[in-house]
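# Report on the structure
The lines below spell out each chain.
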Amino acid sequence: MLIKVSKDIVIFEKSEFHTIEGTSIWFHGYFFVNDTPYTYKTAADYIYTAYKDNKLKEVISWCNGVFSIVILDENEKNIIVANDRYGFDQLFYTSGKGMFIIGTNIWEVASNLEKPKINIAAARELALFRYVLSGHTLINNISEILPASIYRFNYSDNEIKESRAEYWQFSYQPGVYTLNNAIETVEDTLLKIIGKFQKGLFQGKNIGINHTGGIDSRYILGLVLKNGFPKENIQLHTFGDRQSEDITIVRALADKAGIGFNACIFDDPFFDFYRKESVEESTSELGFTCAYYQAYGAIKISEQYKGIDYLLTGSDGFFVGLMTNKTLFSLSNIEELTDYIYFKNRPILQPSKYNEIFSDRIIPDEAELKSRIYSNLKTYYTDNISSFFNWTLRNRLRKYIMSINKLLDKNTFLLLPYYDYDFVDLMAHLPEEALFGQYAYINAMYRLNFSNELEKFRYIPVEKRTIKMQNEEFSIHLNHLTIFQKVIKKLFVLPDKNDTYTMFKTFRYHFPEVMNLIKPLLYSDSELINSAKIPKFLYKHRRREYFIKHGMPAILTVLQAEHIIKTLQTN
């Protein structure tokens, strides 16, 4: 989707819009109102009525789902943009000098600028954190639509007038729950959400479940089976190398449940991941928000969704509990919260390490980064807990983790049950002890997936998060600290040749071959990173798995983005 406005001339692809009484509406995603689903034209009709009745803000606030809306009213010379609470869909815009452009692909928007230039501060953040803070982007003068917002761009009188209204913020207000009651409410809420999907959307359809072998996707599988959806219409999807733990676990689950299984097998050794073409494909799809480590698998598997009507995924589903700990609850002011956020999102390597390859223009500065976090926080600061999750939603979560979702729904219809408003609102009301260590969520998952009719899953391990249950002494109230002590022991083992992350193993044990593959990406004319020093830098840090999985792809993404921008400048 792309709209260009210049001197009252509006250019857009009309086939992508629904036209109602002269007003054009672009809608992507879905929402429910009173458990009734709205998609495509039904959603556009619903939104159009709200717009014409001057009730758009009120109506949008109760549209429960994942969606983006663009309303083009040429009579009033208005472009209205609205989205869900979390801003899953990324929309980019630029305005000035009587010109306005908005679109879903940042490079397409940038190609319409006279001389696009890289945003140095944003490039620094991308290289360090894998995402860019707030509404900024990697390109000067291009902004990103913020979540839970309604924008109005008026293009009358050859001047673009912009306004924004925010209709929701995360607010932590704990209620009175016992731990048992919290567990029961989590399970009941998620069962109702899946039941709503099944009743409103799934009838007679094929559904897929993205399954990593981990907790979130295991729970979605259990919820679907508990709701009694026909097994012949369910298929589990995963990807990885032939020996990966994910594929072994998901295949075992599919066999036990008697449902379909589909795996996308990558080459071994994992050279394709490092090829120039793979990096370019992912970078062109995602723009600047995510290093290609996350995008690679999503792109490879998306073709296999063509026979799936709806795809369920648990992408970082339980973000509230996942990021809750006693340290967060002990903070007393915005300054401490700023330090905490910086620490939790700290660079993959210490900033001083990057001085070995960064040019003077991009050498990171801890004080500057904290200042940018503080300034962003200050605009919506209330209390530390609410503000932390609002910051997470506006920055790390949507910019880094959520950004691959648009790759997943190219050939199917993506649904995200963990971002249903009812579930997130419940999380905002659970007491600390029910959130710490994901206590209520994990115990609800274990109660569903390891008891009664789903007890057959009991001896299939959960990927890198817990242990097999080997006796009848298992309790759904098993102390979560016991689980996570064992998790830590399993996660932080020294890598060896049996390491399940083939991408990292390939880099470490085939370093010369990998360097030949990524050599074309190391452009000698980079103004940000000293390309000549990168081989030595990567060799020096080749044993750091976290850096190789996240830091190295982020650096290569910056280089690739810089190359794209320079290409646009010369066209």
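Every chain is numbered independently, its residues counted from 1 as its sequence is written. Local features in a predicted model are, by the rule used here, given only for residues with pLDDT of at least 70; side-chain atom pairs are given and counted only at 80 or more, and totals for whole chains, interfaces and linings are based on all residues. By convention in this description, side-chain values take in all heavy atoms of the structure and omit both hydrogens and water.

## What to know about the sheet that holds strand β2 (residues 9-12)
We apply this condition: At least two bridges found by DSSP between two strands is the condition for calling them paired. Labels follow the DSSP assignment, with helices taken as runs of H or I lasting at least four residues and strands as runs of E lasting at least two, numbered in each case from the N terminus.
What the five strands build is an open sheet, ordered β2-β1-β9-β8-β10; its pairing is antiparallel. In this open sheet, the two edge strands, each paired with only one partner strand, are β2 and β10 (143-144). Where strand β8 (residues 92-96) and strand β9 (residues 99-103) come together, five bridges link them in antiparallel fashion. Along β9, the bridge assignment pairs Thr94 with Ile101.

## Details of the pattern of salt bridges
What counts is decided by this rule: Any Lys or Arg side-chain nitrogen found within 4 Å of a carboxyl oxygen on Asp or Glu counts as a salt bridge. Throughout, exposure labels follow a simple rule: accessible area from a 1.4 Å probe, protein chains only, divided by the maximum for the residue type, with under 20% read as buried, over 50% as exposed, and the rest as partly exposed.
Counted by the stated rule, this structure contains 15 salt bridges. Its salt-bridge partner being Glu125, residue Arg372 comes within 2.3 Å of it at the nearest N-O pair. With Arg372 in helix α14 (residues 366-378) and Glu125 in helix α4 (residues 120-129), this pair connects stretches of sequence that are 247 residues apart. Here Lys540 and Glu356 are joined by a salt bridge, their closest N and O atoms 2.9 Å apart. Placement of the pair is Lys540 in helix α23 (residues 534-540) and Glu356 in the loop between α13 (351-354) and α14, with a sequence separation of 184 residues. A residue is classified by how much of its surface remains accessible, and Glu356, at 30% relative accessible area, is partly exposed. Through salt bridges that share partners, Arg164, Glu166 and Arg394 make up one connected network.

## Side note on empty space enclosed by the protein
Threshold: Cavity: a set of points on a 1 Å grid over the protein atoms alone where a 1.4 Å probe fits but cannot get out. Pocket: an open set with protein on both sides within 12 Å along at least five of seven lines, its lining residues, like those of a cavity, having an atom within 4 Å of a point. Grid points are joined across faces, edges and corners, and a volume is the space filled by probe spheres set on the points. Residue type decides the class: Asp, Glu, Lys and Arg count as charged, Ala, Val, Leu, Ile, Met, Phe, Trp, Tyr, Cys and Pro as nonpolar, and the leftover types, Gly among them, as polar.
Scanning the entire structure with this criterion turns up two cavities of 30 Å³ or more. Contributing to the lining of the second largest cavity are Arg85, Pro147, Ala148, Trp168, Gln169, Asn390, Leu393 and Arg394. Looking at the lining of the second largest cavity residue by residue, the class counts come to four nonpolar, two polar and two charged.

## Description of the packing of helix α5 (residues 179-202) against helix α19 (residues 439-449)
Note the threshold: A fitted line through C-alpha atoms serves as each axis, taken over the contacting stretch for helices, and the angle formed by two N-to-C directions is quoted from 0 to 180°. Should an angle lie under 35 degrees it is considered roughly parallel, over 145 roughly antiparallel, and from 65 to 115 roughly perpendicular; all remaining angles are considered oblique. A clockwise turn of the near helix away from the far one marks a right-handed crossing, whereas an anticlockwise turn of less than a right angle marks a left-handed crossing. Should any heavy atoms of two residues lie within 4.5 Å, those residues are counted as being in contact.
Between α5 and α19, the least distance of the axes is 8 Å, while the angle of their chain directions is 65°. Viewed along their axes, α5 and α19 adopt a mutual orientation that is roughly perpendicular. Of the two elements, α5 crosses α19, and the hand of that crossing is right-handed. Each of Leu179, Ala182, Ile183, Glu184, Val186, Glu187 and Leu190 in α5 lies in contact with α19, whose residues at this interface are Tyr439, Ala440, Tyr441, Asn443, Ala444, Arg447 and Leu448. Of the residues belonging to the contact of α5 with α19, the class tally is ten nonpolar, one polar and three charged.

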